[in-house]
Amino acid sequence: MAIAEPVFPVSLDPAWIRSQFPSLAQTLNGQPAVFLDGPGGTQVPRRVIDAISDYLAHDNANTGGAYHTSRNTDNMIAEARAAMGDFLNCDADEIVFGANMTSLTYAMSRAIGRDLGPGDEIVLTLLDHDANFSPWKALEENGVTIRAAKFNPSDCTLDMDDMARQITSRTRLVAAGYASNAVGTINDASEIVRLAREAGALSYIDAVHYAPHGLIDVRALDCDFLVCSTYKFFGPHMGVLYGKREQLKMLHPYKVRPNTNNIPNCWESGTLNHECIAGIKACVDYWEELGRRAHPFAKSRRDAIVAAHKAIHEHESRMTERMIAGLFAIPGLKLYGISDPGRFEQRCATFVVRIEGHTPLELATKLGERGFFTWDGNYYALNVSEQLDVERLGGFLRIGLVHYNTMDEVERMLVALREIVA
Ligand SMILES: Cc1ncc(COP(=O)(O)O)c(C=O)c1O
């Protein structure tokens, strides 16, 4: 369930937003490019691109050196950590940077798995991206039992009764997604964390798909871990893990001997991608400015991020209504996931469809030729495509909206799709 948002008026400035993203001005075959591939990775604002190249031009160095550029690098990383702390509502020393969510999750599953063996259980879900499935399933090698909560095929929502059944006194960890990168369902993450805590288990939340759409508050959620990827919310290709301070301190990462034992650095193996970390700070700056423009009275960076999410939510909800109504008007189209407007709070603006007589690849290719960038396949949500029996049929066509998309783009995409299947 999305965290309750405060009540104050907000507004988005679409012209300003679009002007921030240089790539949105591109054309293809004389048509404006329409980026509906946000769930695979979003576009980045100019300030992120500049921060990356400025870092390389002026401060390119390793960390911990007794000289100017190295000290600047240390300071820049500290600032980026604090910024991500505000984005997720935690302290800077609870932020771990990594190559991507998948690598961070493998590192964490190996570390947690050190203490697990026969008789211990881990509960996963069949609605998750495989990056929150396979790294935990790998612990079967240690004798750990893996259980997976089902989802309801009719609306693609997590079966919370099944989730509650799977969690027992033997459960050591519950790993679940905040939102599905395939069908767009938003899970009741607070309830999942509560069930895990009640059983004395750790909770590990994959917020990769949720982050561009909804406010994350790890304090309010009270989860032990939460992971996201900055390239899905307008930053560079990197992953970020939040770990509760006491958990990061208690667990033992696999690490080289000279690396510090202090958190969070002990969880960061090798040299990080410093230029991308500079980009992450700029990405949070973008969120802050977006929020301050939406709500000029925001007092802190966190307040501005809250306001940005509120404004984004209103804009994406309007586009969701139009998109779903328009999709249903296309003959032979089947939408997977929540379609009842009364339940749109439980979904984000990510839509997967199949259309009779057309493969997802064919649709994505024809849309792509007209400048509409969508995706086909399973997007690594392998259990979802298998459970819905579309894996053998090429998966789904996925259309993903984020805040820089416009109602006009939604209308044009619907016209193009109608023409393609006519
Ligand atoms: C929901 C979800 N979880 C995890 C991942 C994996 O993220 P990364 O590419 O950062 O490893 C993705 C990527 O698409 C995703 O959508």
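Cut-off values and rules
- The numbers attached to residues start from 1 for each chain and follow its sequence in the written order.
- Given that the model is predicted, a residue must reach a pLDDT of at least 70 before its local features are reported, and side-chain atom pairs must reach 80 or more before they are shown or counted; all residues, however, enter totals for whole chains, interfaces and linings.
- As a rule here, side-chain values cover all heavy atoms of the structure and leave hydrogens and water aside.
- Only centres within 6.5 Å qualify two rings of Phe, Tyr or Trp (six-membered ring in Trp) as a pair; their planes then separate them into stacked at under 30 degrees, edge-to-face at over 60, and tilted for everything else.
- Secondary structure counts use DSSP, requiring at least four H or I residues in a row for a helix and at least two E residues in a row for a strand, with both numbered from the N terminus.
- We call a charge positioned over a ring when the NZ of a Lys or the CZ of an Arg lies within 6 Å of the ring centre and within 35 degrees of the ring normal.
- Every residue pair with non-hydrogen atoms within 4.5 Å of one another is taken to be in contact.
- Only a pair of cysteine sulfur atoms within 2.5 Å counts as a disulfide in this structure description.
- Each residue gets one of three labels from its accessible area relative to the maximum for its type: buried under 20%, exposed over 50%, partly exposed in between, using a 1.4 Å probe on protein chains only.
- Throughout, nonpolar core names a set of buried Ala, Val, Leu, Ile, Met, Phe, Trp, Tyr and Cys residues whose side chains join them through atoms within 4.5 Å.
- The pairing criterion for strands is at least two bridges between them, as found by DSSP.
- Fitting a line to C-alpha atoms yields each axis, with helices limited to the stretch in contact; the angle taken between N-to-C directions then spans 0 to 180 degrees.
- One fewer than the residue count of a helix, multiplied by 1.5 Å, yields its expected span.

A. Structural detail: the packing of aromatic side chains. Applying the stated criterion across every chain yields a total of 15 aromatic pairs. Both rings, one in Phe-35 and one in Phe-373, keep their centres 5.2 Å apart while their planes meet at 85°; by these two values the pair is edge-to-face. Of this pair, Phe-35 sits in strand 3 (residues 34-35) while Phe-373 sits in strand 15 (residues 372-373), and the two are 338 residues apart along the sequence. Lying across the ring of Tyr-379, Arg-398 places its NZ or CZ 4.0 Å from the centre.

B. View of the side chain of Thr-42. Residue placement: Thr-42 occurs in the loop between strand 3 and helix 2 (46-58). Residues within four places of Thr-42 in sequence aside, it is in contact with Tyr-231, Lys-232, Phe-233, Phe-234, Val-402 and Tyr-404.

C. The arrangement of the state of the cysteines in detail. Counted under the stated rule, the structure contains 0 disulfides. In this structure Cys-228 is a free cysteine whose sulfur lies 9.4 Å from that of Cys-90, the closest cysteine sulfur available. Overall, Cys-228 belongs to the buried group, its relative accessible area being 0%. Looking at the unpaired Cys-276, the closest cysteine sulfur is the one in Cys-283, lying at 11 Å. By relative accessible area, Cys-276 is classed as buried at 11%.

D. Expanded view of the nonpolar core. Met-84, Leu-88, Phe-97, Tyr-178, Leu-226, Phe-233 and Trp-287 are the most contacted members of the largest nonpolar core, which totals 63 residues. It is helix 10 (residues 274-294) that provides the largest number of residues to this core, a total of 11 residues. In terms of nonpolar packing, the next biggest core, distinct from the first, is built from 53 residues, Leu-104, Leu-158, Ile-167 and Tyr-204 among them.

E. Seen up close, the sheet that holds strand 13 (residues 333-336). Strand order across the open sheet formed by 4 strands is 13-14-17-16, with antiparallel pairing between neighbours. Looking at strand neighbours, the two that pair on one side only are strand 13 and strand 16 (375-377), the edges of this open sheet. Put simply, the sheet's adjacent strands are angled 30° from each other on average, direction ignored. Two elements, strand 16 and strand 17 (residues 396-400), share 3 bridges in a ladder whose sense is antiparallel. Bridging from a neighbouring strand, Trp-375 pairs with Arg-398 of strand 17. In this fold helix 11 (residues 301-328) packs onto strand 13, strand 14 (350-355) and strand 17, with an angle of close to 5° to the strand it touches most, strand 14.

F. Broad picture of helix 3 (residues 68-88). Here helix 3 contains 21 residues, and its C-alpha end-to-end distance of 30 Å stays within 8% of the 30 Å for a straight helix at 1.5 Å per residue. Of the residues making up helix 3, those classed as buried are Thr-69, Ser-70, Thr-73, Met-76, Ile-77, Ala-80, Arg-81, Ala-83, Met-84, Gly-85, Phe-87 and Leu-88. Asn-89, located one to two residues past helix 3, shows a positive phi value of around 65°.

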